[in-house]
Amino acid sequence: MPAFFEKVYIDATARHLPGPAIDSASMDAFVAPLNRISSRIKKRILEENGIRTRHYGIAPDGTTRESPESMAARAIQRCLADAHRSLDEVGMLATGGCAGDALLPGFANMLLGELAGPPMQLLTSQGICASGVAACEAAASAIELGTHLHALVVAAEMPSRLFKRSRYAGCGYDA
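Chemist: Requested: an account of the overall build of the protein chain, with residues and values cited.
Modeler: The secondary structure content of the protein chain amounts to 4 helices and 6 strands. Put simply, the protein chain runs from its N terminus to its C terminus through helices and strands in the order β-α-β-α-β-α-β-α-β-β. Across the 175 residues of the protein chain, 40% fall into the buried class. Sequence separation of at least 24 residues holds for 78% of the intrachain contacts in the protein chain that already meet a minimum separation of 6. Put simply, the protein chain shows about 10,300 Å² of open surface, and 58% of that area lies on carbon and sulfur atoms.

Chemist: Lay out the side chain of His 148 in plain terms, naming residues and giving numbers.
Modeler: Note that His 148 resides in the loop between α4 (131-144) and β5 (151-155). By relative accessible area, which is 15% here, His 148 ends up buried. Sequence-distant contacts of His 148, that is, excluding residues within four places in its chain, are made with Gly 91, Met 92, Gln 121, Ala 142 and Ile 143.

Chemist: I'd like a rundown of the sheet that holds strand β4 (residues 121-126), residues and numbers included.
Modeler: Read from one edge of the open sheet, 3 strands run β4-β3-β5, paired in parallel fashion. The open sheet has two free edges, formed respectively by β4 and β5, since each of these has just one partner strand. Each neighbouring strand pair of the sheet contributes to a mean axis angle of 15°, computed without reference to strand direction. Of the strand pairs in this sheet, strand β3 (residues 92-97) and β5 are connected by 5 bridges, and their pairing is parallel.

Chemist: Please give an account of the environment of Val 153 that cites residues and values.
Modeler: Position of Val 153 among the secondary structure elements: in strand β5. For Val 153, a relative accessible area of 37% gives the class partly exposed. Separated by 20 residues in sequence, Val 153 and Val 133 place their C-alpha atoms 9.2 Å apart. Those residues in contact with Val 153 that lie beyond four places of it in its chain are Ala 94, Gly 132, Ala 135, Cys 136 and Ala 139.

Chemist: Tell me what's going on with helix α1 (residues 38-49), and back it up with residues and numbers.
Modeler: Here α1 contains 12 residues, and its C-alpha end-to-end distance of 16 Å stays within 8% of the 16 Å for a straight helix at 1.5 Å per residue. At the exit of α1 stands Gly 50, carrying a positive phi of roughly 80°.

Chemist: Explain the packing of helix α2 (residues 68-83) against helix α3 (residues 107-115) to me, using residue names and the numbers behind them.
Modeler: Close contact between α2 and α3 brings their axes to 9 Å; oriented N to C, the two are set at 65°. Crossing of α2 against α3: the hand is right-handed. On α3, the residues touching Pro 68, Glu 69, Ser 70, Ala 72, Ala 73, Ile 76 and Gln 77 of α2 are Phe 107, Met 110, Leu 111, Glu 114 and Leu 115. Taken together, the residues of the contact of α2 with α3 sort by class into 8 nonpolar, 2 polar and 2 charged.

Chemist: Go over α2 with me, naming the residues and quoting the values.
Modeler: An α-helical turn contains 3.6 residues, so a residue and the one three or four places further along point in the same direction. Over its 16 residues, α2 extends 22 Å from the first C-alpha to the last, a length consistent with the 22 Å expected when each residue adds 1.5 Å. Listing the buried residues of α2 in full gives Pro 68, Glu 69, Ser 70, Met 71, Ala 72, Ala 73, Ala 75, Ile 76, Cys 79, Leu 80 and Ala 83. Positive phi shows up at His 84, right after α2, with a value of about 55°.

Chemist: Give a description of unusual backbone geometry that names residues and reports values.
Modeler: Positioned with a positive phi, His 84 is a non-glycine residue whose angle comes to about 55°. Among the secondary structure elements, His 84 is positioned in the loop between α2 and β3. Backbone geometry at Ala 116 places phi at a positive 50°, although glycine is not the residue there. Looking at the element boundaries, Ala 116 is found in the loop between α3 and β4. Residue classification places Ala 116 among the exposed residues on the basis of a relative accessible area of 68%.

Analysis parameters
- Residues numbered from 1 in each chain as written.
- Predicted model: local features only at pLDDT ≥ 70, side-chain atom pairs only at ≥ 80, totals over all residues.
- Heavy atoms only, no water.
- Helix = DSSP H or I, 4+ residues; strand = E, 2+ residues; numbered from the N terminus.
- Buried < 20%, exposed > 50% of the residue type's maximum accessible area, 1.4 Å probe, protein only.
- Contact = heavy atoms within 4.5 Å.
- Areas by Shrake-Rupley, 256 points an atom, 1.4 Å probe, with all protein chains shown as cover.
- Pairing = 2+ DSSP bridges.
- Axes fitted to C-alpha atoms, helices over the stretch in contact; angles between N-to-C directions.
- Expected span 1.5 Å × (residues − 1).
- Left-handed = near helix turned anticlockwise from the far one by under 90°.
- Nonpolar A, V, L, I, M, F, W, Y, C, P; charged D, E, K, R; others polar.

This is the structure:
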């Protein structure tokens with residue numbers, strides 16, 4: 001069921017995509033096929049999802065280029081600059097994603113440390129696609145209820161350290 005908000009609006013948005021854009025034909029250098037059937041499945045999914053390029057937080061050899069916290073921090077810094085706000089004005093930081101670099105503390109805690117931010121309410125929403133939406137709804141609810149005047153919502157993906165050499169580390173997509 002959709003949520004309706006009367007006091008909530010978006011001041012600014014920003015993104016940070018690591019590394020160069022990688023087209024679908026070149027993605028096997030970053031995401032190794034699981035088995036001999038996976039290439040057929042991949043082809044079908046790529047034809048249906050419409051994503052033309054991807055950005056990876058890892059290099060083709062599996063080494064990490066940027067941490068999820070670093071990527072999210074860069075996006076937040078751009079967003080705050082575009083909104084003409086400072087991190088000191090923010091009362092809540094809500095994050096969404098599959099996983100950060102570590103299981104504990106939560107990704108929002110890790111990100112606040114990366115930003116060297118002031119004390120604020122933190123929320124780490126973990127899942128898959130909808131975790132970013134859950135983080136956004138939680139932040140909007142906090143503003144609507146008057147708990148906070150300003151909130152930040154960010155999503156970042158890069159579970160490469162958790163899955164070691166699985167060679168999966170997607171971060172952002174260009175449509």
